[in-house]
Amino acid sequence: MNRIRLARLPILLLTFALVSVRAEAQITAIKAGKLVDPATGTTAVNQVILVENGKIKGVGSGLQIPAGAKVIDLSRATVLPGLFDCHSHMCQMTLPDNRDLFTTDIRQTTSYRAIIGVKSAREYLESGFTTVRDVGNNGLYADTALRQAIENDIVPGPTVINAGRIIAPFGGQYHLQPERPELGNPEYLFADTHDEMIKAVRQNVQFGALVIKIVVDDQKYIYTPEDIRFIVEEARKAGLKVAAHCMTEQGARNAIEGGVASVEHGFRMSDETLELAKKNGTVLVGTDFPEKAAEYLGLPPDIALKFHNIFLDRLKRAFKVGVTMAYGTDTFFQVPGETRGTLAISYIDTFVEAGISPKEILKIMTTNAASLLGVEKQRGAIKEGLYADMIATPENPLDNIQTLKKVSFVMKNGRIVKQ
Ligand SMILES: [Zn+2]
């Protein structure tokens, strides 16, 4: 370092210190005409929310707005916590002309998948999803790279709880042929023995996974309750929960008995298995495809309708039984005219069709989801001390849930994303 540079150093440091102090001191005051608390399904009027350093500093009707605070006037809108999608695949995208997972996955490189993820993440955030749990199918850890890029402010996106590679019995969700078994990589970590299961969990933890995703029953040989308990225990040691993809009644039952945090899909769950989920505190992430989304899975309209009706029936029964549910969509495909975010929000239509009240839907999209993801002490409510993740809608979603499709304001970690 030469002399001139050295001489400038104190000035540089002082400037840096002043900028830091100013950034820290910046308080944002949000005037909320209505403020919804999804946990209780109640609305408070004329509230002020103070945000500092990315977190909520205070909420109330008589709060003094400090001098110099940046004021955001949402007095004509309804403010509520940011939404959650507990079942995303941000780095996967089948196209309308190629809806087959296997060919899509093997044709796209991980770097290409990461770029898809950047687009999905921005679209999720713009639609009001401030947190997502991403459950695999991301090539070779494109999801970890995406999460880190969001955390390091390189690209915009929601808070991500990512799964890394999906752990599954041999073959995963593919039907391989004997000459090319390696085509199952890197999409899945095949684990059939307990040694392989330990290794698969640890590999995921090492490479940045924050949740473990297993596929229980997409082959004729499925994970037993003992296998699942073993994986759950290994994940627990590293502080991770387990999400289980279950397509069959038996698979869902095994997953619940094995102690997973959530059953994903669970389309074939009987009332008895739903009761068991309720008893054990297993959360159902139903990925309840609306009819249109089912069509874009590549199913002919009559089959899409048939599937949609199966999802709808299970959703109604799950609600009747009283299983704890968290919102999850499973959008991994491109629908013309829709972004990943608008597509994800459209799944509320299935809940409306099932007769579930706006109050319950909101809880499923925020409070329940935050607890499932283990972030309830940081996110999922507008309360002092939590991160300032919030959205605004023109109407009160407790009166008209469809207003969630018109999110007009998004703040994540105290920063405005959309206004
Ligand atoms: Zn999925």
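Preceding this section is the structure that the text describes.
What counts, and at which threshold
Residues numbered from 1 in each chain as written. Predicted model: local features only at pLDDT ≥ 70, side-chain atom pairs only at ≥ 80, totals over all residues. Heavy atoms only, no water. Helix = DSSP H or I, 4+ residues; strand = E, 2+ residues; numbered from the N terminus. Expected span 1.5 Å × (residues − 1). Buried < 20%, exposed > 50% of the residue type's maximum accessible area, 1.4 Å probe, protein only. Contact = heavy atoms within 4.5 Å. Axes fitted to C-alpha atoms, helices over the stretch in contact; angles between N-to-C directions. Left-handed = near helix turned anticlockwise from the far one by under 90°. Nonpolar A, V, L, I, M, F, W, Y, C, P; charged D, E, K, R; others polar. Pairing = 2+ DSSP bridges. Donors = N, O, S within 2.8 Å, 3.2 Å for Na, K, Ca; no water. Right-handed = clockwise from strand over helix to strand, strands pointing away. Salt bridge = Lys/Arg side-chain N within 4 Å of Asp/Glu carboxyl O. Lys, Arg positive; Asp, Glu negative; His and termini not counted. Polar contact = N/O pair within 3.5 Å; in protein donor to acceptor, adjacent residues only side chain to side chain. Phe/Tyr/Trp six-rings, centres within 6.5 Å; stacked < 30°, edge-to-face > 60°.

Participant: I would appreciate a short explanation of helix H6 (residues 225-237) in the present structure.
Facilitator: The terminal C-alpha atoms of H6 lie 18 Å apart, and with 13 residues this matches the ideal 18 Å at 1.5 Å per residue to within 8%. Inspection of H6 places Pro225, Asp227, Ile228, Ile231, Val232, Glu234 and Ala235 among the buried residues, and these make up the whole buried set. Where H6 is buried, its residues touch helix H5 (194-206), strand E10 (212-215), strand E11 (242-246) and helix H7 (249-257). One or two positions beyond H6, positive phi appears at Gly239, with a value near 80°.

Participant: Mind showing me how you'd approach the packing of H5 against H6 here?
Facilitator: Each pair of packed helices can be described by the angle between their axes along with the distance between the axes. Across the interface, H5 lies against H6 with an axial gap of 10 Å and an inter-helix angle of 35°. In the packing of H5 onto H6, the handedness of the crossing is right-handed. Together, His194, Met197, Ile198, Val201 and Arg202 of H5 and Glu226, Asp227, Phe230, Ile231, Glu234 and Ala235 of H6 make up the contact between the two elements. Taken together, the residues of the contact of H5 with H6 break down into six nonpolar, one polar and four charged.

Participant: Is there a simple way to explain the sheet that holds strand E5 (residues 83-88) in this structure?
Facilitator: Each strand in a sheet pairs with its neighbour through backbone hydrogen bonds, running either in the same direction (parallel) or in the opposite one (antiparallel). Taken together, the three strands give an open sheet; going across it, the order is E5-E6-E7, and neighbouring strands pair in parallel fashion. Every other strand in the sheet has two partners, leaving E5 and strand E7 (159-162) as the edge strands with one partner each. Looking at each pair of strands side by side, their axes are set apart by 15° on average, direction ignored. Note: strand E6 (residues 129-134) against E7, four bridges, orientation parallel.

Participant: I'm lost on the pairing of strand E16 (residues 415-418) in this one. Help?
Facilitator: Here is the key point about a regular strand: its side chains alternate between the two faces of the sheet. Sheet topology note: the strand E15 (residues 409-412)/E16 ladder contains three bridges and is antiparallel. Paired with Lys412 across the strands is Arg415, a residue of E16.

Participant: Whenever I open this one, the coordination of the zinc ion confuses me. Can you help?
Facilitator: In an ideal tetrahedron of four donors about a metal, each angle is 109.5 degrees. In an ideal octahedron of six donors, the angles are 90 or 180 degrees. Coordination of the zinc ion by the protein comes from His87 (NE2), His89 (NE2) and Asp330 (OD), over a distance range of 2.1 to 2.2 Å. We note that the donor set of the zinc ion lies within a single chain, spaced as H-x1-H-x240-D. Of the two residues, His87 is situated in strand E5 and Asp330 in the loop between helix H10 (301-321) and helix H11 (340-345); the sequence distance between them amounts to 243 residues. Given the relative accessible area of 8%, Asp330 is considered buried.

Participant: In this structure, what is going on with the pairing of E6? I would like to understand it.
Facilitator: With respect to burial, E6 is a largely interior element, six of its six residues being buried. Two elements, E5 and E6, share four bridges in a ladder whose sense is parallel. By the bridge assignment, Ser88 is partnered in E6 with Asp134. Once the chain exits E6 it traverses helix H4 (residues 142-151) before rejoining the sheet at E7, and the crossover so formed is right-handed.

Participant: Explain unusual backbone geometry here, please?
Facilitator: The general pattern is negative phi for most residues beyond glycine and trans for most peptide bonds. Cis geometry is found at the peptide bond from Asn185 to Pro186, where omega equals 0°. One non-glycine residue, Tyr141, lies in positive phi territory at about 65°. With respect to the secondary-structure elements, Tyr141 resides in the loop between E6 and H4. On the accessibility criterion, Tyr141 (10% relative accessible area) is buried. A positive phi angle is found at Thr287, which is not glycine, with a value near 40°. Residue placement: Thr287 occurs in the loop between strand E13 (283-285) and helix H9 (291-296). For Thr287, a relative accessible area of 0% translates into the label buried.

Participant: Would you explain the pattern of salt bridges in this entry?
Facilitator: Side chains that differ in sign of charge can pair as their charged atoms come close. Tallying each qualifying case throughout the model produces 18 salt bridges. When the shortest N-O distance is used, the salt bridge between Arg147 and Glu151 registers 3.1 Å. With Arg147 and Glu151 both in helix H4, this residue pair falls four residues apart, about one helical turn. Note that Arg202 and Glu234 form a salt bridge whose closest N and O atoms lie 2.8 Å from each other. Highlighted residues: Arg202 in helix H5 and Glu234 in helix H6, separated in sequence by 32 residues. A relative accessible area of 7% means that Glu234 is categorised as buried. Each of Asp105, Arg113 and Glu187 takes part in a single network of salt bridges with overlapping partners.

Participant: Looking at this model, I keep getting lost on the side chain of Asp143. Mind explaining?
Facilitator: Within the secondary structure, Asp143 sits in helix H4. Summary of buried charges: Asp143 has no salt-bridge partner, and the nearest side chain of opposite charge, Arg147, is 7.3 Å away. Within the structure, Asp143 has its side chain in polar contact with the side chain of Asn162 (distance 3.3 Å).

Participant: Would you explain the packing of aromatic side chains in this entry?
Facilitator: Between two aromatic rings, the relevant description is the distance of the centres plus the angle of the planes. Summed over the entire model, instances satisfying the criterion amount to 13 aromatic pairs. Ring centres of Phe129 and Tyr327 lie 6.4 Å apart, and the angle between their planes is 15°; on these two criteria the pair is classed as stacked. Of this pair, Phe129 sits in strand E6 while Tyr327 sits in the loop between H10 and H11, and the two are 198 residues apart along the sequence. Here Phe307 and Phe311 contribute two aromatic rings whose centre-to-centre distance is 6.3 Å and whose plane-to-plane angle is 45°, an arrangement assigned as tilted. Within this pair, Phe307 and its partner Phe311 are both found in helix H10, separated by four residues, close to a single helical turn. By relative accessible area, which is 29% here, Phe307 ends up partly exposed. An aromatic cluster is built from Phe267, Phe289, Phe307, Phe311, Phe332, Phe333 and Tyr347, whose rings are joined through pairwise contacts.

Participant: What is the right way to look at the sheet that holds strand E1 (residues 27-37) in this model?
Facilitator: The strand order E3-E2-E1-E4-E14-E15-E16 describes an open sheet built from seven strands, whose pairing is mixed. The sheet is open, and its two borders are formed by strand E3 (55-60) and E16, each paired with just one other strand. Taken pair by pair, the neighbouring strands of this sheet meet at an average axis angle of 35°, ignoring direction.

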